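A closer look at the structure
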Amino acid sequence: MANSDTLEYRNRRTDDAQRLLRLALDNWLYAATILLCIFFAFRAPNFLTVDNVINTLVSSSITGIVTAGFTIVLLTGTIDASTSGITALASVLCAVMFQQWGVPLPLTLLLLMVASILMGLVSSFLIIEGRIYSLIATLGSSGVFLGLSVGLAAGQQIAITKPELQNALFERPLGIPVSIWVLFLCYLLGYVMLNHTRLGAHIYATGSNYSAARLSGIPVKRVIRIALIIAATTTSLAAVLATARANLSLLYGVTIGGVNLADVFTAALLGGISLRGGVGKIERNLVAVLFLSILSNGLQLMGTAPAVWLVIKGLAFVGAVIIDAVRQRL
Amino acid sequence: MFIKRFMHLLFVSSMLLASAGVLAQDATTYTADEIKEASGVEQCSQLAELPKEFSEDWKLAFINPNKAQSFWGQVSVGMNAAAEFYGVEFVEMDSAGGPDVELFETLLLNQPDVVGTHNAVDYEAVAARALDENIPYIGFDNGQTEYSPYVYGIPNGIAGEAGAELLIEGVQARLDTDWKDRELFFLEFTHNGIPACVDRTGAAATAFKEHFELDDEHIIQLDLATGATEIEMMLSTLTAHPDAVFAMIPCWDGLGIAPYNAAVEAGREADIMLVTLGGDKPPADLLLTKPQGYYGYIEFQPYCEGWGWIESALAIAEGVRFAPYQARRAVTQADIEQRYAELYGAPSS
Amino acid sequence: MLRTQPQPLVRPTNTPLPRAVLKFLLNNGLLIALVIEIAIFATASPEIFLSTGNLFTVLRISATTGITVAFYTIALIAGQIDLSTAQVGAVTAVIFAWMFAILEWPLELSFVLAMAFAALLGLINSWLVIRVKIPSLIATLALGTLCYGLAISVIQSNSTTGLIRLNRPPLRDIINTEIVGIPATVILMFAVYTIIYILLNHTRLGAHLYALGGNPQAARLNGIQDKRLVRFALMFTAMSAGFTAIMIAGRGLSAGAATPVGGVLGGPLVAAIFSGVGLSGGSGRIERTLIGVIFLAVLTSGMSILNVSPFARSMIEGLAFVFAILIDSVRQRIETR
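Residues numbered from 1 in each chain as written. Chains lettered and ligands numbered in written order. Predicted model: local features only at pLDDT ≥ 70, side-chain atom pairs only at ≥ 80, totals over all residues. Heavy atoms only, no water.

**So, the overall build of chain B**
Quick reminder of the rule: Secondary structure follows DSSP: runs of H or I at least 4 residues long count as helices, runs of E at least 2 residues long count as strands, and numbering of each begins at the N terminus. Burial classes: relative accessible area under 20% of the type maximum marks a residue as buried, over 50% as exposed, and values in between as partly exposed (1.4 Å probe, protein chains only). Should any heavy atoms of two residues lie within 4.5 Å, those residues are considered in contact.
Counting secondary structure elements, chain B contains 12 helices and nine strands. Each of the 349 residues in chain B was classed as buried or not, and the buried ones make up 62%. Intrachain contacts of chain B at a sequence separation of at least 6 include 69% that bridge at least 24 residues.

**Comments concerning the side chain of C:Thr140**
All names here are of chain C. Heads up, the rule is: Polar contacts, as counted here, are pairs of nitrogen or oxygen atoms within 3.5 Å of one another; within protein the pair requires one atom able to donate a hydrogen and one able to accept it, and residues that are adjacent in sequence qualify only if both atoms are side-chain atoms.
Structurally, Thr 140 is set in helix H7 (residues 136–158). Classification of Thr 140 as buried rests on a relative accessible area of 0%. Polar side-chain contacts of Thr 140 include one of 2.7 Å to the backbone oxygen of Ser 136.

**Focus on the layout of surface pockets**
Short version of the rule: Points on a 1 Å grid, built from protein atoms alone, make a cavity when a 1.4 Å probe fits but cannot get out and make a pocket when they are open with protein on both sides within 12 Å along at least 5 of 7 lines; residues with an atom within 4 Å of a point are the lining residues. Grid points are joined across faces, edges and corners, and a volume is the space filled by probe spheres set on the points.
Taken as a whole, the second largest pocket encloses approximately 710 Å³ of empty space. Along the walls of the second largest pocket sit 33 residues, with A:Ala305, A:Pro306, B:Ile219, B:Ile220 and B:Gln221 positioned nearest its centre. Breaking the lining of the second largest pocket down by element, the ones donating at least two residues are helix H13 (282–301) and helix H14 (306–329) of chain A together with strand S4 (184–190), helix H7 (195–212), strand S5 (219–223) and helix H8 (230–240) of chain B. Among the elements that make up the lining of the second largest pocket, the one with the highest residue count is S5(B) (five residues).

**Some points on the sheet that holds strand S1 (residues 59–64) of chain B**
The strands that make up a sheet are held in pairs by hydrogen bonds between backbone atoms, and each pair lies either parallel or antiparallel. Residues and elements named next belong to chain B. Here is the rule we go by: We call two strands paired when DSSP finds no fewer than two bridges between them. An axis is simply a line fitted to the C-alpha atoms; with a helix, the fit covers only the stretch in contact. Between two such axes, the angle follows the N-to-C directions and lies from 0 to 180 degrees.
Read from one edge of the open sheet, three strands run S2-S1-S3, paired in parallel fashion. Strands at the two margins of the open sheet, each flanked by one partner only, are strand S2 (89–94) and strand S3 (114–117). Pairs of neighbouring strands in the sheet enclose a mean axial angle of 15 degrees, with direction left out of account. Sheet analysis places S1 next to S2, joined by six bridges and oriented parallel. Within S2, the position partnered with Ala 61 by the bridge is Val 91.

**Here we look at the interface of chain C and chain A**
Bring the parts together and some accessible area is lost; that lost area is often taken as the interface size. Worth spelling out the cut-off: The buried area of a pairing is the accessible area, by a 1.4 Å probe, that goes missing from both parts when the two are put together, added over both. By salt bridge we mean one thing: a side-chain nitrogen of Lys or Arg within 4 Å of a carboxyl oxygen of Asp or Glu. Residues were grouped as follows: Ala, Val, Leu, Ile, Met, Phe, Trp, Tyr, Cys and Pro as nonpolar; Asp, Glu, Lys and Arg as charged; and all remaining residues, including Gly, as polar.
Between chain C and chain A, the residue contacts involve 38 residues of the former and 38 residues of the latter. With both sides pooled, the region where chain C packs onto chain A buries about 3200 Å², and carbon together with sulfur makes up 83% of that total. Across the contact surface, chain C and chain A share zero salt bridges. At the junction of chain C and chain A, the tally comes to one residue pair in polar contact (both at pLDDT 80 or more). Secondary structure elements with two or more residues in the side of chain C that touches chain A: helix H6 (107–130), H7, helix H13 (267–274) and helix H15 (310–336) of chain C. Considering each element in turn, the side of chain C that touches chain A owes the most residues, 13 residues, to H7(C). Looking at the side of chain C that touches chain A residue by residue, the class counts come to 26 nonpolar, nine polar and three charged.

**Let's talk about the confidence of the model for chain B**
Rule in force here: Residue-level confidence of the predictor is what pLDDT reports, using numbers from 0 through 100.
Looking at chain B as a whole, its pLDDT mean stands at 85, while 90% of the residues score no less than 70. Here residues 14–25 of chain B is a poorly scored stretch, pLDDT under 50, and it has two contacts once near neighbours within four places are set aside; other chains count.

**A short note on the sheet that holds strand S8 (residues 294–299) of chain B**
Residues and elements named next belong to chain B. With mixed pairing, six strands are arranged side by side in an open sheet as S5-S4-S6-S7-S8-S9. What marks the edges here is a single partner per strand, and that holds for S5 and strand S9 (329–332). Each strand of the sheet is rotated relative to its neighbour by a mean of 20 degrees, with strand direction disregarded.

**What about unusual backbone geometry?**
The omega torsion of the bond from C:Pro169 to C:Pro170 falls at 5 degrees, within 30 degrees of zero and hence cis. By the element assignment, C:Pro170 lies in the loop between strand S1 (163–165) and helix H8 (171–175). Backbone geometry at A:Leu174 places phi at a positive 55 degrees, although glycine is not the residue there. Of note, A:Leu174 is situated in the loop between helix H7 (164–169) and helix H8 (178–196). By relative accessible area, A:Leu174 is classed as exposed at 76%. You will see that B:Glu213, though not glycine, has its phi angle at about 50 degrees, which is positive. Looking at the element boundaries, B:Glu213 is found in the loop between H7 and S5.

**Some thoughts on the pairing of S8(B)**
All names here are of chain B. To keep things clear, this is the line we draw: We call a crossover right-handed when, viewed with the strands running away from us, the connection from the first strand over the helix to the second turns clockwise.
Burial runs high along S8: six of the six residues are buried. When strand S7 (residues 272–278) meets S8, the two strands line up parallel, connected through five bridges. In the strand pairing of S8, Thr 276 is matched with Tyr 297. Crossover S7 to S8 through helix H10 (residues 281–288) is right-handed. Note: S8 against S9, four bridges, orientation antiparallel. Looking across to S9, one finds that Glu 299 is bridged to Arg 329.

**Remarks on the packing of aromatic side chains**
Where we set the bar: In summary, the pairing rule links any two rings of Phe, Tyr or Trp, Trp by its six-membered ring, whose centres are within 6.5 Å, and it sorts them by plane angle into stacked for under 30 degrees, edge-to-face for over 60 and tilted for everything else. Placement of a positive charge over a ring is assigned whenever Lys NZ or Arg CZ falls within 6 Å of the ring centre and within 35 degrees of the normal to the ring plane.
Inspection of the entire model under this criterion finds 27 aromatic pairs over all chains. Between the aromatic rings of B:Tyr150 and B:Phe322, the centroid separation amounts to 6.4 Å while the plane-to-plane angle is 45 degrees, which identifies the pairing as tilted. Of the two residues, B:Tyr150 is situated in the loop between helix H5 (123–132) and helix H6 (156–176) and B:Phe322 in the loop between helix H11 (302–318) and S9; the sequence distance between them amounts to 172 residues. With a relative accessible area of 26%, B:Tyr150 lands in the partly exposed category. A residue is classified by how much of its surface remains accessible, and B:Phe322, at 24% relative accessible area, is partly exposed. One residue, A:Lys162, lies across the ring of A:Phe98, its end atom 4.5 Å from the ring centre. Sitting over the face of the ring of B:Tyr344, B:Lys281 holds its NZ or CZ atom 5.6 Å from the ring centroid.

**Some details on the pattern of salt bridges**
Under the criterion given, the structure shown has 23 salt bridges over all chains. Salt-bridge contacts for B:Glu124 lead to C:Arg165; the nearest nitrogen and oxygen are separated by 2.7 Å. Placement of the pair is B:Glu124 in helix H5 and C:Arg165 in strand S1, with the two residues belonging to separate chains. Judged by relative accessible area, which is 40%, C:Arg165 ranks as partly exposed. We note a salt bridge from B:Arg182 to B:Asp271, for which the minimum N-O separation is 3.1 Å.

**A short note on the state of the cysteines**
Residues and elements named next belong to chain B. Where we set the bar: Disulfides are defined as pairs of cysteine sulfur atoms found within 2.5 Å of each other.
Throughout the structure, instances matching the rule amount to two disulfides over all chains. Between the sulfur of Cys 44 and that of Cys 304 lies a disulfide, 2.1 Å long from S to S. The sign of the S-S torsion, about -85 degrees, decides the handedness of the disulfide formed by Cys 44 and Cys 304: left-handed. Of this pair, Cys 44 sits in the loop between helix H2 (32–38) and S1 while Cys 304 sits in helix H11, placing them 260 residues apart in sequence. Each sulfur in the disulfide pair Cys 197 and Cys 251 lies 2.0 Å from the other. On the S-S bond that ties Cys 197 to Cys 251, the torsion sits near -85 degrees, and the link is left-handed. Of this pair, Cys 197 sits in helix H7 while Cys 251 is found in the loop between strand S6 (245–250) and helix H9 (253–265), placing the two residues 54 residues apart along the sequence. By relative accessible area, which is 2% here, Cys 197 ends up buried.

**Some words on a positive patch on the surface**
Applicable threshold: Patches were defined on residues exceeding 30% relative accessible area and lacking a salt bridge, with like-charge contacts within 9 Å and nonpolar side-chain contacts (Val, Leu, Ile, Met, Phe, Trp, Tyr) within 5 Å. In this description, accessible areas are obtained by the Shrake-Rupley approach with a 1.4 Å probe, and a residue is regarded as covered only by the protein chains that are shown. Neither His nor the chain termini are counted; the positive set is Lys and Arg, and the negative set is Asp and Glu. Charge positions are represented by NZ for Lys, CZ for Arg, CG for Asp and CD for Glu.
A cluster of basic side chains, namely A:Arg329, C:Arg131, C:Lys133, C:Lys227, C:Arg228 and C:Arg231, defines a positive patch on the protein surface. Per element, the largest residue contribution to the positive patch is three residues, and it comes from helix H12 (residues 226–252) of chain C. One can find A:Arg329 in helix H14.

**A closer look at a negative patch on the surface**
All names here are of chain B. Negative charge collects at one region of the surface, where Glu 161, Glu 165, Glu 169 and Glu 210 lie side by side. Element by element, the count of residues in the negative patch is highest for H6, at three residues. On the accessibility criterion, Glu 169 (46% relative accessible area) is partly exposed.

**Thoughts on the domain arrangement of chain B**
Residue and element names in this part refer to chain B. Our working definition: All the domain ranges listed were derived from an automatic or database domain assignment.
Domain boundaries assigned for chain B yield domain 1 (34–153 + 302–325) and domain 2 (157–299). Distance between the C-alpha centres of domain 1 and domain 2: 31 Å. If you look at the interface, domain 1 gives four residues, while domain 2 gives five residues. Among the residues of domain 1 in contact with domain 2, Ser 70, Phe 71 and Ala 120 are the three that bury the most area, contributing 54% of the side total. Linking domain 1 with domain 2 are zero salt bridges. Residue composition of the side of domain 1 that touches domain 2, by class: three nonpolar, one polar and no charged.

Following this line, the structure appears as structure tokens:
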């Protein structure tokens, strides 16, 4: 490779270039999101209106909330594939308690928290005590949750006719819908927890080197258990939101447009979370969720055909994955 | 001798004819009233005059696409009730959203006399297999296929048109009053991966477009196959046209109710008009609360449609004529109380 | 240098009897479960479940999923998780249907081109894994998203019904061919499993696949051509997914992009895991995969014959899966002890 330049000069130049490249690659997601916004601001009518900003945030709230918990689990080096099972069971539980048994809303939410803790414990039992690889174990627990949810609902969808749930969630404190407040609250709590608490440090340590973390006295099992409980809680929260919007309990096999594990996966990977754990920032994942939401919103405002839109999304995903791989190799 | 025999034959046959005529009036076939009574609150209308004594012990078989879904659950209840009423053996399977072709082989092991399925993706293949085995096939809401002479139910295209008809009625009323001079869009909520949906909402879009003479830009397809949720798409569409009003038909009830609520969340309830297709208990529950923009739904009466399938299948086996199923009815806010009371009793407060 | 299968470190004669029995039970757990399963269904419905017709039905269901799962097992042994099989299959079948039914190209040409396309997708997957060095789980998820988009685009530009009809003869007759009374697809499945069995257990290639999955670094240091192996595994997984999808589409007389919604135990990944193929690579036995595939087919057919209610069904499926993975984890722990 070396021909005319002196070695020293070339090294320095590649150093600079590399540093610049790394800076670009590290922040490509932020840059891409901003570029996307500028592009749509000029090309997509009504993109830069208050209504659209709020609506885009509302659109991304469910995926965003699930991704927050999912990210924390991924950081411990665990993959949680039980999203669809938890969503179904939480939604049916919410409908049964709130609508059929007439449990007041606050108590329903409290009981759902308890149920989430139990669901997280089931998954973590399989992973920790069963010593099963997390992806497999959570696929298994997801299957059990799905079965339970269908059984609990007696194979029927439950319509929510009591207005309190919608009234509470469609509230707009300071003009901003509740779902957006919840979304940002989840990420704020996650950010503080990961960066400023001992638990956060333990999560990163467990994910980056499980054995080393265990040997240095970090309660790795408890860390994974807590992470799974957090993920179950955020997923249940998203399920309540989805239930309120659908006016129905989400039933497995029927909700095609419900919470989608692939979306969550995509967002987490776009945000640069490593599947091996220990690497990644939760705030980047929020941007990734918004990026995906802005992309579909903008393409739709431009009136692009849905098929084109799908291909663009696929290309964006492949591109993002390649960029991330290049970044990690530098 | 010949004449005597001929007279004898004539006498016997005329006696037979007379007795058949008399019996038809009272005991040998079921009457429409008997069916109405037997089918309970649903009061299904009779599709075929079936004899009270069948010529053979018929065995019918059907693959339900997903009994966990409330619509198909009701179809199953209706089918089983009818089979019990007519005293015939009925074999039912559930493909739970999957393909039917493999399951159909298992169904054939029961040696049924008439078979049926509902699966927009592979019903033709199932009909072709039934033809191989010389078993009559009568599909459910599928429409015509070259592999079977029989059609049953509401084909998706017609269901979509019926929905459009009801929606046109509702939208016209609004256009005369509070929607005067507003820009009108039609939203087609569909899933391009599900052929039944493409067919159903596509027909609705075409009918709506023709009636209001809309151009292509005012017909917006919101496709779940893109991976975006119906809520996301609804919200984007609302902001794309801040001053417009929207008429919408979804492929199934839930696919319309969720975006409706999203519009409520976005403060645009006054700008939308919804008609859904299916009409089982969940949409009835919602319509009972009279949301401003939920005009009504096309009720396919799943129980009666299931009941009628059994009647039609038995008619094929017996070689009796059967009438097409037409019990779809439009339910709007004006008559929901009455309809709800008929089907589910007094609403729980 | 390399052994095809991990040999037990403790000699069998040293194992106390109860331990040996336990080991036997765990090693053949799936087979025992299959026997019990058949016994239960046979008692519940002797005349239908035990008929020859049902035997062929069960085998045909097995063949539909089993061929992909067989190659999937190879990929998992080599340490690769392919999440794109459903979408690769869909786009392959749709492109085949486009060539064969809409452009009316000859069957052979359409088939060969469609399979070449599937192979290309497999190559792209392996390129992302080998060259770009993306973990297979992510690489295939990304390509799968793209394939789904492509499939929908092709369908939408050729049809208004969300499907491309595929009723042009003689496709259906070829797929339903029977050889001495046995469906050709069933024979093909057994042939595939036999070949893969020999390949994994009695060839250098098989030994290398196990070695690569078990310890990639060591395998590379030992001069094993890891890139070629990964390419081989992912290409054949994609081709088998495409082949199966064409078969299903041909039998179903139409090609679409719908991913089946129901069934907790769907997809080759879950079937392979159910059969005890680990996700970490280097472990898994093809004969166990076959038993697992047949077990699931018997479960499907048996529950359909008994008309088990959908919610009981999803419970049973979920519990069966959890039970299988728990047993497998115990087995692995005893093996490594």
